[in-house]
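Listed below are the residues making up each chain.
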Amino acid sequence: MGRGRIRSKIRRSHLHPFSCLRPSTKEGQEPHSLEGPGFSRIVYCNEPIKHRKKPLKYCSNYISTTKYNVITFIPKALFEQFRRVANIYFLLAAILSLTPVAPFSAVSMIFPLAFVVGISMAKEALEDWGRFMQDMKVNTRKTYVHQGEGEFGYKAWEKIQVGDIIKVEKDQFFPADLLLLSTSYEDGICYVETMNLDGETNLKIKRALEVTLPLDDDDTFKNFSGMIKCEDPNPNLYTFVGNFEYDRQVYPLDPGQILLRDSKLRNTAFIYGVVVFTGFDSKVMQNSTKSPSKRSTVERKMDKIIYILFSFLILISLISSIGFAVKIKFLMPDWWYMQPWKPEDLYNPNSPSKSGLAHLITALILYGYLIPISLYVSIEVVKVCQAMFIDQDIHMYDEETGNTARARTSNLNEELGQVDTILSDKTGTLTCNQMDFLKCSIAGNPYGVKSSEVELAAAKQMAMDLEDQDGELTSWERSGDPEIELETVITARDEKDHKPAIKGFSFEDSRLMNGNWSNEPNPDVLLLFFRILAICHTAVPELNEETGTYTYEAESPDEGAFLVAAREFGFEFFKRTQSSVFVSERMRPGQVVEREYKLLNLLEFTSKRKRMSVIVQDEDGQILVLCKGADSIVFDRLSKNGRTFEESTTKHLNDYGEAGLRTLVLAYKKLDEAEYNAWNNEFVKAKTSIGADREVLLERVADMMEKDFILVGATAVEDKLQKGVPQCIDKLAQAGLKIWVLTGDKMETAINIGFACSLLRQGMKQIVISSMNSDNLAQDSKQAVKDNILNQLTNASQMIKLEKDPHAAFALIIDGKTLTYALEDDMKHVFLALAVDCASVICCRVSPKQKALVTRLVKEGTGRTTLAIGDGANDVGMIQEADIGVGISGVEGMQAVMASDFSISQFRFLERLLVVHGHWCYKRIAQMICYFFYKNIAFGLTLFYFEAFTAFSGQSIYDDWYMLLFNVLLTSLPVISLGVFEQDVPSEVCLQFPALYQQGPKNLFFDWYRILGWMGNGLYSSLAIYFLNILILSNQAFRASGQTADMAAVGTTMFSCIICAVNCQIALTMSHFTWIQHVLVWGSIATWFLFLFVYGMVSPAYSGNAYQILVEALGPAPLYWCAILLVTITCNLPYLAHISFQRCFNPMDHHIIQEIKYYKKDVEDQHMWRRERSKARQETKIGFSARVDAKIRLLKGRLQKKNTLAVHSHRPSQS
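All figures in this text were calculated on a predicted structure; none of them were measured in a lab.

1. Some thoughts on the overall build of the protein chain
Part 1: Along its length, the protein chain carries 40 helices and 33 strands.
Part 2: Evaluated residue by residue, the protein chain yields a buried proportion of 57% over its 1215 residues.
Part 3: Long-range contacts, defined here as pairs at least 24 residues apart, represent 75% of the contacts in the protein chain between residues at least 6 apart.
Part 4: Accessible surface computed for the protein chain: about 51,400 Å², of which carbon and sulfur atoms make up 56%.

Okay, here's the thing in structure tokens:
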């Protein structure tokens, strides 16, 4: 607190002429007119008791992201379960089983349904409980609240009410939307980080009304009261209209005084504020959407298969009922021994239609085994196990935070393997908000030998390429051309660096360190360069008492990196006062001088100006203008005699850009006092002017000063992406995934990040779609703006179609304002078509609502699976809108995680989550479902065939216990082991061959060809099982005494064949065996025979015709065992032939890899393994690989040109 008080002496508003300084006549402004709908909210400050009764009772500050609550759980969860078609069928079957025509008892139908639905609902409840506990963590956070008589105490967030006075301290989140009353700074300035809302890392400046500035202590609120009239709750983050009535005066309010929930207080010791919007009325929650119920593509397709099977079930049931009615009418009169007159006239030949209708019910229940009731519960079990594997994957454990990956819902596991487009937030997701000073160019000389990640990757790839081209290698070694030397690249990170790492400073070059710069050419220019770094900024220094060094609270990470670099070069900024900046300058080792630079003016950096300047006066009285900005801006403002180093600096800037670095240009000029005074008079007039043209006047006066500069040099900083982000993006791109970046940040920042993570690169053609300047559109209609944007979109699409270069890549960049028009119904499909044609898409300055709308457009417009990933509350909308939402459990709250389907601690883990777990889960679930339908068709149709042979009597050939155990025990565990443990290739191979992932988006394992193929296999197996058994057993002696097989013997033999055939089939399907699978597959067959033995031992009162059937009837009969062997081989032979033919003549990617691994060629023939890996990359135009390929093409082009010139110059010398 003390440190904050010291800093509060600075009137920060004096430093910010554009964004925050207001004319002194502020109180003279008219209050807003708040008449009409939408402006009905009234807040009594410091009187929350008035808001406990209607009409002023507003919603509480309690928030919930759960799908259910205590009241809605039963109806909503039941609705979720009976959205599944099979469950509806089994519910109807359970009801019908209560009728006398049911072939099975009611319990045998109702119990399985209740068990399946109960298990699924329990899983839903468990997952929602996790969301509830996350909500409670937020709702029970504590903050200081005024409790009366000037006393403040802790209160949970959920207990906060509208009208409460809140005290928030540095680095805490705001618990609700607040009106800023006062801060630790005497002029009411505070710094706010809105990264959780809009993704911006730059701190926002908020300023309290001057009339409330005296309220800067707890005691001052003892008798404070006031009233706020303002707009109603709405989702717009950037607007606020209201009036503040205080001390019989009315003051207008604007967004500059509003502190939004989930943003964070920074660089300010404390603030006081009054609560305006709570809970779901707050702007961040207004931007959120309800937790949707998501279903995977596979599950939705599974419903269609169920519809097909259900239609087939109705068809064969109709055939049975018609057949039964015909038999009743024409044959029943001859079957007098059947006593057709009872029961209940169901076999009366005089009313066959009634008999047929009754039999329809019997058939619908009897053939129900075609539709697997245990499929859903098996899938639930498998998905929960898969989710456990994701949760426990040690390769997705983050040691820094101690967080693991978490599958917050297991319903979408297989969807991870079918993603087509990733929509990612930027700040906190791709970046870790840290810049590293890496290189610089001063007086036309480049400094800094350490290589960027892009340069290292290019060198590594070229070294691998050159290993395969010995001839080319020789020519490369001979060339020695400095333009294509890679020595520094290759060796930069091989050198042992004994210095401890310095955050923000990765520069390595002894020429500038330890005062050695004074021995370089142009030391006076080097001195100016260091001074610009140390002076041209708005940061505040803070002494770290433990280390004795200064850290810097800067508005952007760039500024922080520059100040750390200046400190390491010997120019340490250590103090700022109201009017001066103090720098400790180490000119030579041991010689330190503290200098004061009077700060006369500051012209701040904005996205429009793209530059920042300070005007200072040194101790000798010399006035200097120090400027840093984008090269395109600063170069245009250089004087004729200030361009000495322009050519070489431009070349260095291009090199830095190719290396993926962010660059700024530094320049200066000297002023005499008279020239400065004349300009300053104009500047003061512009600053204190009132009216709409104030900004224009300020800009014009700034332009007058910012010209005729002398170029000093350029900086190159590496945007510190989160660990592994470029490699992850590269791997995802090689896997064929498209990546969009949706950020609330400025366009320049987003573009720089795009370069840093290789979504953009040098040579990529940028298509920037922007709306006309709104300042010039006062008279123009909205239609004119739309026409202009539509024209830009159409022209860009045409340009892409006409492009002839196969290596050409396009990047679409669009801002939020333009996106508002582009997302309208009449234009959104044009925008989407253009975006799909581009290699990368970056949307800047987008609101949370727009993120969700873009996600919806991609999801619905392309029909492909989308994945949204983010870490802040501003990402919740798109996370919930996407097919799969991934939250990053970083440091910026847990809102994104609470709304997500999966959570990871860093973006890099997305690679493993998709390429490994997604690939596995998709193939496991797809194969499992196909196999499930196969085995149930193979089993269910044998019942139909037997019906046809027995005059459609409704008689089952199988014992009731056989049928009950078929899905529950005898075939369920092997299929669950398939869904849990199956691996076509190991995890490391998935990562080495990312193109394998495309089997999911292309849906190779769950397309109609494969589904119908498995159904056909089931049909064939059912025919083979039934008719082979009938042929074998019907016309010959079965037992030694000469008896033929009865119905129990035929049914048991047939069922034995089914159990052996389907379990052998799943063994053939598996690529990866563990001991668990062996136990479950072969154990299921053994269990059947064990059950048959034990069941036969039970009293005939329970076992019926199965009494002693294995011991006395089947076991001693060789025909029984021969039938099982013959039928099992016959059923599986076609599948074995099919996969053998496929592997020999039309192998899939994983088949080839399996063979390479089996024969250990990956170890014995590394060259072939590497060749196969390079072939397995999807062709991509984004990512490291694409960037490296582009750089290699450039370097090879230069080499070829050089060799051509060498050949031409060599020929004349020979002649």
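2. Digging into the side chain of Ser 1103
Part 1: For Ser 1103, the position within the fold is in helix α34 (residues 1100-1103).
Part 2: A distance of 3.0 Å separates the side chain of Ser 1103 from the backbone oxygen of Val 1098, its partner in a polar contact.

3. Things to note about the UniProt feature "binding site: Mg(2+)" (unreviewed entry) in the protein chain
Part 1: UniProt feature "binding site: Mg(2+)" (unreviewed entry): in the numbering of this structure it lies at Asp 425, Thr 427, Asp 871 and Asp 875.
Part 2: The residue Asp 871 is located in the loop between β31 (865-870) and α25 (876-881) in this model.

4. Remarks on a nonpolar patch on the surface
Part 1: On the surface, Ile 314, Leu 318, Ile 322, Val 326, Phe 330 and Leu 331 cluster together to form a nonpolar patch covering roughly 510 Å² of accessible area.
Part 2: Mapping Ile 314 onto the fold places it in helix α7 (residues 297-330).

5. Concerning the environment of Phe 244
Part 1: Its location among the elements puts Phe 244 in strand β9 (residues 242-246).
Part 2: A sequence separation of 17 residues divides Phe 244 from Met 227, and the C-alpha atoms of the two residues are 5.9 Å apart.
Part 3: Once residues within four sequence positions are removed from consideration, Phe 244 is found in contact with Cys 45, Leu 179, Leu 209, Thr 212, Phe 224, Gly 226, Met 227, Ile 228, Gln 249, Val 250, Tyr 251 and Leu 253.

6. Digging into the nonpolar core
Part 1: Core analysis: the largest hydrophobic core is formed by 115 residues, its most contacted members being Ile 929, Tyr 958, Tyr 962, Phe 1006, Phe 1055, Trp 1088 and Tyr 1120.
Part 2: Tallying contributions element by element places helix α27 (residues 909-949) first for this core, with 17 residues.
Part 3: Not counting residues up to four positions away in its chain, the partners in contact with Trp 1088 are Tyr 962, Leu 970, Thr 1052, Phe 1055, Ser 1056, Ile 1059 and Tyr 1120.
Part 4: In terms of nonpolar packing, the next biggest core, distinct from the first, is built from 77 residues, Trp 517, Leu 526, Ala 539 and Trp 679 among them.

7. Observations regarding the sheet that holds strand β32 (residues 884-888)
Part 1: The strand order across the open sheet built from nine strands is β14-β33-β32-β31-β15-β27-β30-β29-β28, with neighbouring strands paired in mixed fashion. Both outer strands of the open sheet, β14 (406-407) and β28 (765-769), are each paired with one neighbouring strand and no more.
Part 2: The pairing of strand β29 (residues 810-815) with strand β30 (residues 840-844) spans five bridges and is parallel. The residue of β30 that forms the bridge with Leu 812 is Val 841.
Part 3: Running over the sheet, helix α23 (residues 828-837) touches β27 (738-742), β28, β29 and β30 and is turned about 140° from β29.

8. Comments concerning the packing of helix α3 (residues 85-96) against helix α8 (residues 352-366)
Part 1: Close contact between α3 and α8 brings their axes to 10 Å; oriented N to C, the two are set at 130°. Taken together, α3 and α8 sit at an angle that is classed as oblique. Relative to α8, α3 is oriented so that their crossing is left-handed. On α8, the residues touching Tyr 89, Ala 93 and Leu 96 of α3 are Ile 361, Leu 364 and Ile 365.

9. Remarks on the state of the cysteines
Such a bond, covalent and formed between the sulfur atoms of two cysteines, is termed a disulfide.
Part 1: Taken as a whole, this structure holds zero disulfides when the rule is applied.
Part 2: The thiol of Cys 1064 is not disulfide-bonded; the next cysteine sulfur, from Cys 1060, is found 6.3 Å away.
Part 3: We classify Cys 1064 as partly exposed; its relative accessible area is 22%.

10. Quick word on the sheet that holds strand β6 (residues 189-193)
Part 1: The strand order across the open sheet built from three strands is β7-β6-β12, with neighbouring strands paired in antiparallel fashion. The sheet terminates laterally at β7 (204-207) and β12 (264-266), the two strands that pair on one side only. Neighbour to neighbour, the strand axes of the sheet diverge by 45° on average, direction disregarded.
Part 2: Here four bridges tie β6 to β7, and the two strands are oriented antiparallel to one another. Its bridge partner being in β7, Cys 190 is matched across the sheet by Lys 206.

11. Some points on the packing of helix α21 (residues 782-802) against α23
Each packed pair of helices is defined by two parameters, the angle between the axes and the distance between the axes.
Part 1: Where α21 contacts α23, the axes come no closer than 10 Å and their chain directions differ by 35°. Where α21 crosses over α23, the handedness of that crossing is left-handed. From α21, Leu 790, Leu 793, Ala 796, Ser 797 and Ile 800 reach across to α23, where they touch Val 830, Phe 831, Leu 834 and Asp 837.
Part 2: For the contact of α21 with α23, the per-class residue count stands at seven nonpolar, one polar and one charged.

12. Quick word on the packing of aromatic side chains
Part 1: In total, this model carries 54 aromatic pairs according to the counting rule given.
Part 2: Ring geometry for Phe 939 against Phe 966: centres 4.2 Å apart, planes inclined by 25°, an arrangement best described as stacked. Here Phe 939 is found in helix α27, whereas its partner Phe 966 is found in helix α28 (residues 960-970), with 27 residues between them in sequence.
Part 3: Residue classification places Phe 939 among the buried positions, given a relative accessible area of 0%.
Part 4: In this structure Phe 966 comes out as buried when scored by relative accessible area, which is 0%.
Part 5: Considering the side-chain rings of Phe 1141 and Phe 1145, the 4.9 Å spacing of their centres and the 40° angle between planes classify their relative orientation as tilted. Taken together, the residues span about one helical turn, with Phe 1141 and Phe 1145 both in helix α36 (residues 1118-1145) at a distance of four residues.
Part 6: Of the aromatic side chains, those joined through ring pairs into one cluster are Phe 437, Phe 505, Phe 507, Trp 517, Phe 529, Phe 530, Phe 562, Phe 569 and Phe 571.
Part 7: The lysine or arginine in question, Arg 41, covers the ring of Tyr 58, its NZ or CZ lying 3.8 Å from the ring centre.

13. Quick word on unusual backbone geometry
Part 1: For the bond running from Lys 54 to Pro 55, omega is 10°, close enough to zero to count as cis.
Part 2: Examined against the element boundaries, Pro 55 turns out to sit in the loop between β1 (41-45) and α2 (73-81).
Part 3: The phi dihedral of Asp 262 falls on the positive side, at around 75°, and the residue is not glycine.
Part 4: Mapped onto the fold, Asp 262 is located in the loop between β11 (258-259) and β12.
Part 5: Asp 262 sits in the buried class, given a relative accessible area of 1%.
Part 6: Despite not being glycine, Asn 1003 has its phi angle at roughly 55°, a positive value.
Part 7: Mapping Asn 1003 onto the fold places it in the loop between α30 (987-992) and α31 (1008-1034).
Part 8: With relative accessibility at 14%, the residue Asn 1003 sits in the buried group.

14. Considerations on the pattern of salt bridges
Part 1: Counted by the stated rule, this structure contains 42 salt bridges.
Part 2: Arg 207 is the salt-bridge partner of Glu 210, the closest N and O atoms lying 3.6 Å from each other.
Part 3: For the salt bridge of Lys 765 with Glu 803, the shortest nitrogen-to-oxygen distance reads 2.6 Å. Pair noted here: Lys 765 is in strand β28 and Glu 803 is in the loop between α21 and β29, with a separation of 38 residues, a long-range link.
Part 4: Each of Arg 295, Glu 299, Asp 303, Lys 383 and Glu 414 takes part in salt bridges that share partners, so that together they form one network.

15. Digging into helix α16 (residues 646-658)
For an α-helix, 3.6 residues make a turn, and residues three or four places apart therefore share a direction.
Part 1: The end-to-end C-alpha distance of α16, which contains 13 residues, comes to 18 Å, matching closely the 18 Å that a straight helix rising 1.5 Å per residue would cover.
Part 2: Listing the buried residues of α16 in full gives Thr 649, His 652, Leu 653, Tyr 656, Gly 657 and Glu 658.

16. Notes on a negative patch on the surface
Part 1: On the surface, Glu 151, Asp 216, Asp 217 and Asp 219 cluster together into a negatively charged patch.
Part 2: Counting through the fold element by element, Asp 219 comes out in the loop between β7 and β8 (226-230).
Part 3: Its relative accessible area of 54% is what places Asp 219 among the exposed residues.

Criteria and thresholds
- Residues numbered from 1 in each chain as written.
- Predicted model: local features only at pLDDT ≥ 70, side-chain atom pairs only at ≥ 80, totals over all residues.
- Heavy atoms only, no water.
- Helix = DSSP H or I, 4+ residues; strand = E, 2+ residues; numbered from the N terminus.
- Buried < 20%, exposed > 50% of the residue type's maximum accessible area, 1.4 Å probe, protein only.
- Contact = heavy atoms within 4.5 Å.
- Areas by Shrake-Rupley, 256 points an atom, 1.4 Å probe, with all protein chains shown as cover.
- Polar contact = N/O pair within 3.5 Å; in protein donor to acceptor, adjacent residues only side chain to side chain.
- UniProt positions renumbered as here; feature names shortened; annotations may be inferred.
- Patch = residues over 30% accessible without salt bridge, like charges linked within 9 Å, V, L, I, M, F, W, Y side chains within 5 Å.
- Salt bridge = Lys/Arg side-chain N within 4 Å of Asp/Glu carboxyl O.
- Core = buried A, V, L, I, M, F, W, Y, C linked by side-chain atoms within 4.5 Å.
- Pairing = 2+ DSSP bridges.
- Axes fitted to C-alpha atoms, helices over the stretch in contact; angles between N-to-C directions.
- Parallel < 35°, antiparallel > 145°, perpendicular 65-115°, else oblique.
- Left-handed = near helix turned anticlockwise from the far one by under 90°.
- Disulfide = S-S within 2.5 Å.
- Nonpolar A, V, L, I, M, F, W, Y, C, P; charged D, E, K, R; others polar.
- Phe/Tyr/Trp six-rings, centres within 6.5 Å; stacked < 30°, edge-to-face > 60°.
- Lys NZ or Arg CZ within 6 Å of the ring centre and 35° of its normal.
- Expected span 1.5 Å × (residues − 1).
- Lys, Arg positive; Asp, Glu negative; His and termini not counted.
- Charge placed at Lys NZ, Arg CZ, Asp CG, Glu CD.

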